[in-house]
Each structure stands twice: as structure tokens, then as C-alpha cells.
Amino acid sequence: MMRRLAVAVLVALAVSASRGAIPIVTRFKSPKNAERPMRSATTLIVLHTTEAPAKSALRHLSDRGECHYCVTEDGQVYQIVDRGRVAFHAGCSMWNGKEEVDNFSVGIECVGYHDKAMPMAQIRSISAVVKFLQKTYKIPDHNVVTHSQVAYGNVNKWQKKKHRGRKRCGMLFAMPSVRNALGLKSRAAFDPDVRAKRLVVGDELLAKVLYGKPDTMKRTYGAAKIAYVDPTVKPKPPGAAPTPPSNSFRKIPQSIAELRKQGFESIGSVTKTNLPGRIAGAKWNAADTYYTLRGRVIPGNVLDPRHVEAGMSVWRPKKKAGK
Ligand SMILES: [Zn+2]
């Protein structure tokens, strides 16, 4: 027998062909929707945890227009605010120096708690919505962030400085095992606003989960390895022609021995925090910068920043004495 869905309207949302379509329930569409302005840019997807059960969360989110989608434990997806309009989900927030994250992001509320595993039915639906939005707005994996990553707190009684760590919302979505379960292959390697001293760390545990090792979800979702990406590097616009190599007169070295023979030296090794931009500065993607990994030689102007791995050596032309 068919279950009656009250006034629920099911709208098919086209997602990647492999996943088919997911039905979207509009029963909790926000009364604030029509008055919200359209966004001019969408560069982040922000994942939240409701920290409350579905029933009260849905009502609250809808009344205030506080997210675009809400995904419940059974994998049901609710539309709260149209994805192209502004929803008030991130509050006091900043990413990479840009404040008011609501103005350039889509927010997904996931019913559950920041430190508790979610059922696979829910993970699958979150993943489908995320993939759909990534495709629609051309958002790379590391720009799918958690609310706790972008929220910040102002000076208050306990904190003398503007600080990251106002809340732990969505924290689990930074863990490699959870990202892998969502089909996300990378994560920001560091906090761009803390690195630039715009903010200080206000929650050590959160900072460790977001940028360090702890992965308390690997028992549920299986241990996983993901890539760590420099969040301050702007991705090349799609379809842009690669920079013509300035060393095209020279044969591109195929091995470390050839690099040495052509006068290159290793100037550093990539780690999670020591990224190409830090090692080679603005020359990180120059044609005469090379990366070596497991015997492979990759010119800097060919290197895809999403494929930067710890352990890569960075090579630059040896400085000539007296110059
Ligand atoms: Zn949140």
C-alpha cells in the first residue's frame, strides 16, 4: 500500500547518471524563501549537523530559512530554500579572507550530531546532493567544507581575539573516512584564515580534527586516504590553456638523474602543511619548477593542485654562485 505523504510534492532532482535521481520533498519549504535575494556566486558547499532530531530541526530550519537542503537519517532530502537564493546558515563566518559565507555558499543541514556516525542511507543522500551541487557550480572536493571550518567568533569574555572554533557543527565531515564515504577525495590542508593571522585557534580539538589526524569514524566507514589541498590556490578556470612552458627549448627531464644533469636542485619536500606555494612561492606552478614522486617527474605548469601529495620533492634551477 502506498504511504500517503500529506502535501509533499516530489520533485526529481537530476543528479549524476550513476546515481539516478533523488526525490526532493518540499513540504518544509521556508516561508522566507521568496524574500531571499539570489546569490551572485557559489564557491563553497557547507555541511552542517542539526544537533537536534528531525522533527524539531525541520520546523526550525523552515521557519527561519536557515539552509537550502536538510537530509534526515532515512535519507529523505527536504528543500528549505531554493539553491540559488541566500539562506542564513553560516552566521558569523569567513573563508580565505572572505566574510559572510552565506553570500557565496550552499548550506546542507544533516540531521545528527557533529561527533556521531550517520546511517549509510543518509550518507548516500548527502553525497548525491553534494555531487549534484558540485557539478552545477563547479566546486572542487576541498571546497565542500564543514560549518565549523568557516564559522568564527568575535572577541568576547573568554577570547581576546577573533577566533576559529565558535562551533563544532558538521565536524565529522572533515574526517577522511567520512569524506571518502561521501565520495570526496580531498580536504583543505590548513585553515587559510588562521595561517594569515586573521583568526586564532579557539578550539584545539576542533583544529586537530579539521586539519590533523583524528578520525573517530573510521571504524564505521573504513579507514581512507584523501589528498590535502592548499585552499588559497585558485583553481585554474576550466578550459584555460596551460601556460606555455618557458623552457620548451629544453627537453623536459624524465628522471631525477636528468633533473640533476640539467642543473636542478631539490628545494623541499611537500607535507600536509608545507605545500608547493610555501616551498616555491609564486613559482610553484612555473614551467621550470618540477615535482618528483615515486620516480615520476611532473612540470609545475602541468601539476594539478588537486593531485599534490605529501612526499613530493620540489625542484628549481640551481642558483649560480655570484648571482
Ligand atoms: Zn551549522
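Reading guide: rules and limits
Residues numbered from 1 in each chain as written. Predicted model: local features only at pLDDT ≥ 70, side-chain atom pairs only at ≥ 80, totals over all residues. Helix = DSSP H or I, 4+ residues; strand = E, 2+ residues; numbered from the N terminus. Buried ≥ 20, exposed ≤ 12 C-beta atoms within 10 Å, placed from the backbone. Contact = placed C-beta atoms within 7 Å. Pairing = 2+ DSSP bridges. pLDDT = per-residue confidence, 0-100. Axes fitted to C-alpha atoms, helices over the stretch in contact; angles between N-to-C directions.

Considering the overall build of the chain
Right, so step 1: A tally of regular secondary structure across the chain gives 9 helices and 18 strands.
Right, so step 2: Going through the 323 residues of the chain one by one, you find that 38% of them count as buried.
Right, so step 3: Long-range pairs, those at least 24 residues apart, make up 70% of the contacts in the chain between residues at least 6 apart in sequence.

A few points about the sheet that holds strand β13 (residues 200-201)
Consider a sheet: its strands pair through backbone hydrogen bonds, and that pairing is either parallel or antiparallel.
Right, so step 1: Pairing in this open sheet of 3 strands is mixed, and the strands run β10-β11-β13 from one edge to the other. Two strands close off the open sheet at either side, each with one partner strand: β10 (152-153) and β13.
Right, so step 2: The pairing of strand β11 (residues 163-164) with β13 spans 2 bridges and is classified as parallel. Looking across to β13, one finds that R164 is bridged to V201.

Topic: the pairing of strand β3 (residues 44-49)
Right, so step 1: Among the 6 residues of β3, 6 are classified as buried, and the element is accordingly described as predominantly covered.
Right, so step 2: Alternating positions in β3 separate into two faces, L44, V46 and H48 on one and I45, L47 and T49 on the other, with burial throughout.
Right, so step 3: Pairing of β3 with strand β9 (residues 144-146), which is carried by 3 bridges, proceeds in the parallel orientation. When the bridges of β9 are listed, I45 appears paired with V144.

Observations concerning the environment of S105
Right, so step 1: Inspection of the secondary structure puts S105 in strand β8 (residues 105-110).
Right, so step 2: The spatial distance from the C-alpha of S105 to the C-alpha of I45 is 5.5 Å, given a sequence separation of 60 residues.
Right, so step 3: With residues up to four places along the chain from it excluded, the contact list for S105 reads T42, L44, I45, V46 and A90.

Here's the deal with the confidence of the model for the chain
Right, so step 1: Across the chain, the average pLDDT comes to 88, with 88% of residues at or above 70.
Right, so step 2: The low-confidence segment residues 1-20 (pLDDT under 50) makes 24 contacts with residues lying over four places distant or belonging to another chain.

Describing the sheet that holds strand β16 (residues 290-293)
Right, so step 1: With antiparallel pairing, the 4 strands of this open sheet are ordered in space as β15-β18-β16-β17. Strands with a single pairing partner mark the edges of an open sheet, and in this sheet they are β15 (264-269) and β17 (296-299). The mean angle between the axes of side-by-side strands here comes to 30°, regardless of whether they run parallel or antiparallel.
Right, so step 2: Pairing of β15 with strand β18 (residues 313-317) involves 5 bridges; the strand directions are antiparallel. If you follow F264 over to β18, its bridge partner there is P317.

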